[in-house]
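Working through the structure, step by step
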Amino acid sequence: MTTPTIPTRTLNDGATQPAIGFGTYQLNGSVGVADMVSAIRVGNRLLDSAFNYENEGAVGEAIRQAGVPREHLRVTSKLPGRHHHFKEAIATIEESLYRAQLDYYDQYLIHWPNPSKGLYVEAWTALIEAQKKGLVRSIGVCNFLPEHLEKIIAETGVTPAVNQVELHPYFPQAEQRAFDKAHGILTQSWSPLGRASRMLQDPVLQIVAERVGKSVGQVILRWHVQLDAVPLPKASAPARQTENLSVFDFELSPDDMAQIATLARPDGRTFGQDPAHYEEF
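Residues numbered from 1 in each chain as written. Predicted model: local features only at pLDDT ≥ 70, side-chain atom pairs only at ≥ 80, totals over all residues. Heavy atoms only, no water.

1. Section: the overall build of the protein chain
When its secondary structure is counted, the protein chain shows eleven helices and ten strands. Scaling as 2.2 N^0.38, a compact globule of 281 residues should have a C-alpha radius of gyration of about 19 Å, and the protein chain matches this with 18 Å. Taken along the three principal axes of its C-alpha coordinates, the protein chain extends 55 × 40 × 30 Å. Within the span of the protein chain, comprising 281 residues, buried residues form 56% of the whole. If you sum the accessible surface of the protein chain, you get close to 11,900 Å²; carbon and sulfur atoms cover 51% of it. Seen as two clouds, the 26 positive and the 32 negative side-chain charges of the protein chain have centres 3 Å apart. (Helix = DSSP H or I, 4+ residues; strand = E, 2+ residues; numbered from the N terminus. Rg over C-alpha atoms; globule rule 2.2 N^0.38 Å. Buried < 20%, exposed > 50% of the residue type's maximum accessible area, 1.4 Å probe, protein only. Areas by Shrake-Rupley, 256 points an atom, 1.4 Å probe, with all protein chains shown as cover. Lys, Arg positive; Asp, Glu negative; His and termini not counted. Charge placed at Lys NZ, Arg CZ, Asp CG, Glu CD.)

Structural data, given as structure tokens:
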């Protein structure tokens, strides 16, 4: 099978990653392994997991079954909010590796800042130490607002390589993306298709898709790419997995991008919680 050519992005620490990834939330057990093996074989090289997804073992098994050399993959996991204390964080990262039976993670992220607990700087120092130990190659965060990023950078002198946030046409996060870019932080997009059943029926997106001769899903993912964000879509069907990767052979015009920009809305957030108030355990 011929796999599509996917551009790479260079992080602020010199590491590289594909310009699109594969989300693994709710891909568990043997069925999840099969879906991930398929995703790798059709060309996905960036796999996004988390301790709290309870599928790190499935990710590791999929990597072993897929037959793609480990060094060609970029594997991410995330530190849960209940383990932000330094020693707990280090042990959790080690446990993540044991679960997956991997020697290292390419990226390890703090899943949520949990600001009311006030431990995210301590958690960040643990990720810095894990990087020094060789447990992880690149370190970053998820759902960090500018104020959280400013604090960890000021107190440790280390800037995250990645900030993974909810991002899609209904919730475009312009301020957050601008902050990340100004600080050399790559923005990754979770829930890149939003509530897919709703967004895929959006008439504005359907018009753009018809004009460029692509699916609505491909238009949305291309929109992420042109915003310099790395989308992390999830799909089980091999045909949809392949379709999601086929977004580098066309471009959206400035007018297309302007039309999609009109879709931003105050209630656009899929999850319904602001990171400043949500506590993840």
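Read on for the rest.
2. Focus: the nonpolar core
The biggest cluster of nonpolar side chains holds 45 residues, and the ones touching the most others in it are Ile 63, Tyr 105, Tyr 108, Trp 124, Leu 127, Val 136 and Ile 152. Listing elements by their share of this core, those giving two or more residues are α1 (29–41), α2 (56–66), β5 (74–79), α3 (86–100), β6 (105–110), α4 (120–133), β7 (136–142) and α5 (146–156). Dropping the residues within four chain positions of it, Leu 127 is found in contact with Leu 79, Ile 93, Tyr 108, Leu 109, Ile 110, Val 136, Ile 139 and Gly 140. Listed in part, the 25 residues of the second largest apolar core include Leu 167, Leu 193, Val 219 and Trp 223. (Core = buried A, V, L, I, M, F, W, Y, C linked by side-chain atoms within 4.5 Å. Contact = heavy atoms within 4.5 Å.)

3. So, the packing of aromatic side chains
Evaluation of the coordinates by the stated rule reveals three aromatic pairs. Looking at Arg 137, its charged tip hangs above the ring of Tyr 104, at a distance of 3.7 Å from the centre. Directly above the ring of Tyr 170 sits Arg 265, whose terminal nitrogen or CZ lies 3.8 Å from the centroid. (Phe/Tyr/Trp six-rings, centres within 6.5 Å; stacked < 30°, edge-to-face > 60°. Lys NZ or Arg CZ within 6 Å of the ring centre and 35° of its normal.)

4. Here's the deal with the pattern of salt bridges
Applying the stated criterion to the full structure yields nine salt bridges. Arg 99 is the salt-bridge partner of Glu 56, the closest N and O atoms lying 3.1 Å from each other. With a gap of 43 residues between them, Glu 56 in helix α2 and Arg 99 in helix α3 connect regions that are remote in the sequence. Take Arg 99: its relative accessible area is 30%, and that puts it in the partly exposed class. We note a salt bridge from Lys 214 to Asp 249, for which the minimum N-O separation is 3.2 Å. Of this pair, Lys 214 sits in the loop between α8 (203–212) and α9 (216–226) while Asp 249 is found in the loop between α10 (238–245) and α11 (254–261), placing the two residues 35 residues apart along the sequence. Classification of Asp 249 by relative accessible area gives exposed; the value is 56%. (Salt bridge = Lys/Arg side-chain N within 4 Å of Asp/Glu carboxyl O.)

5. Comments concerning the packing of α1 against α2
Running from N to C, α1 and α2 point in directions that differ by 45 degrees, and their axes come no closer than 8 Å. Comparing their axes, α2 and α1 come out oblique. α2 is crossed by α1, and the crossing has right-handed handedness. Across from Gly 29, Val 33, Met 36, Val 37, Ile 40 and Arg 41 in α1, the residues of α2 making contact are Ala 58, Val 59, Glu 61, Ala 62, Ile 63, Gln 65 and Ala 66. Here the contact of α1 with α2 is built from residues that sort into nine nonpolar, two polar and two charged. (Axes fitted to C-alpha atoms, helices over the stretch in contact; angles between N-to-C directions. Parallel < 35°, antiparallel > 145°, perpendicular 65-115°, else oblique. Left-handed = near helix turned anticlockwise from the far one by under 90°. Nonpolar A, V, L, I, M, F, W, Y, C, P; charged D, E, K, R; others polar.)

6. Observations regarding helix α6 (residues 174–182)
Structurally, the α-helix is built with 3.6 residues per turn, so residues lying three or four positions apart point the same way. Within the sequence span of α6, burial applies to Gln 176, Arg 177, Phe 179 and Asp 180. One side of α6 holds all its buried residues, which, seen down the axis, span an arc of 160 degrees. Away from the buried face of α6 by more than 90 degrees, exposed residues Glu 175, Lys 181 and Ala 182 are located. Two residues or fewer after α6 comes Gly 184, characterised by a positive phi angle close to 70 degrees. (Arc of directions from axis to C-beta.)

7. Section: the environment of Gln 176
Among the structural elements, Gln 176 can be located in helix α6. By relative accessible area, Gln 176 is classed as buried at 4%. Each C-alpha atom of the pair Gln 176 and Glu 88 lies 29 Å from the other, and the pair is 88 residues apart in sequence.

8. Overview of the sheet that holds strand β4 (residues 46–48)
Two modes of strand pairing occur in sheets, parallel and antiparallel, and in both the strands are linked by backbone hydrogen bonds. If you walk across this open sheet you meet the eight strands as β3-β4-β5-β6-β7-β8-β9-β10, and the pairing is parallel. Each edge of the sheet is formed by a strand with only one pairing partner; in this case those strands are β3 (22–23) and β10 (229–231). Both β4 and β5 contribute to a ladder of three bridges, which runs parallel. Counterpart to Leu 47 in the pairing with β5 is Val 75. Against the sheet, α2 makes contact with β4, β5 and β6, and its axis sits at roughly 170 degrees relative to β5, the strand it touches most. (Pairing = 2+ DSSP bridges.)

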